[in-house]
Amino acid sequence: MQNRRTKGASYGHHVGDEPQNAASEMIRAVYPMFGRLADATPGDLQETHELFAEGFLREDRRRFITVPTVGVKGLFESFQAYWDLGVGAPTFTVAEVHAVRGDRLLLFRGRAEFAEGQATESLVLVAYSAEMRAARAVLFDLDDLDGALDELERLHAGIEADGGSPPVDAHP
């Protein structure tokens, strides 16, 4: 998908027509496993927590389906709330990578499907630390591609200015 901001961007290696970098490879490996956390052992949960950088922050900018800005603990509590509500463990898939910047930033369309047939899709921006641990995640509505690309560029500029660390401040 090419538009005014993705045209001519550096994507790293390509898989088909999708942009690819170390972050996109990482998210394709780990995103699906979040739905299996309902059956996780304490050891599994510890390994999962290690996928996140200290100070990780997830912000939700969707208009209708929103959850508060949370860290790792809040993220796992939101997963637990799904299971407690009886909707079942979701299946998470990376539907499409829209854009990448450097090796550690990506914007993708993610899909969560629940056992009862409910499904939701969002644009998800993820910034990784130098150690390839998730440092920041921001969720957007599907029709807010411009807003998501603006945030991708803001985070990329912050990484460049700071010498490698993605900013973890909430939306200005």
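About the thresholds
- Residues numbered from 1 in each chain as written.
- Predicted model: local features only at pLDDT ≥ 70, side-chain atom pairs only at ≥ 80, totals over all residues.
- Heavy atoms only, no water.
- Phe/Tyr/Trp six-rings, centres within 6.5 Å; stacked < 30°, edge-to-face > 60°.
- Helix = DSSP H or I, 4+ residues; strand = E, 2+ residues; numbered from the N terminus.
- Core = buried A, V, L, I, M, F, W, Y, C linked by side-chain atoms within 4.5 Å.
- Buried < 20%, exposed > 50% of the residue type's maximum accessible area, 1.4 Å probe, protein only.
- Arc of directions from axis to C-beta.
- Contact = heavy atoms within 4.5 Å.
- Polar contact = N/O pair within 3.5 Å; in protein donor to acceptor, adjacent residues only side chain to side chain.

Our next topic: the packing of aromatic side chains. Scanning the model with the defined rule gives 3 aromatic pairs in all. The interplanar angle of 80 degrees and the centroid separation of 5.1 Å between the aromatic rings of Tyr-31 and Phe-108 together place this pair among those described as edge-to-face. Linking Tyr-31 in the loop between α1 (22-30) and α2 (42-49) with Phe-108 in strand β3 (residues 105-113), this pair joins segments that are 77 residues apart in sequence. Ring-pair connections join several aromatic residues into one group, and the members of that group are Tyr-31, Phe-92 and Phe-108.

Our next topic: the nonpolar core. Nonpolar side chains in soluble globular proteins tend to end up buried together. Core analysis: the biggest nonpolar cluster contains 29 residues, and Ile-27, Tyr-31, Phe-52, Leu-106, Phe-108, Val-126 and Tyr-128 have the highest contact counts within it. Listed by contribution, the elements that provide at least two residues to this core are α1, β1 (52-60), α3 (72-84), β2 (91-101), β3, β4 (119-128) and β5 (134-140). Within the second largest apolar cluster, 14 residues are counted, among which are Ala-99, Leu-125, Leu-149 and Leu-152.

All of the buried residues in α1 are Ala-23, Ser-24, Ile-27 and Val-30. End-on view of α1: buried residues confined to an arc of 145 degrees, all on one side of the axis. Looking at the buried residues of α1, the elements they touch are β2, β3 and β4. Capping the start of α1 is the job of one residue whose side-chain oxygen sits 3.0 Å from the backbone nitrogen of Ala-23: Asn-21.

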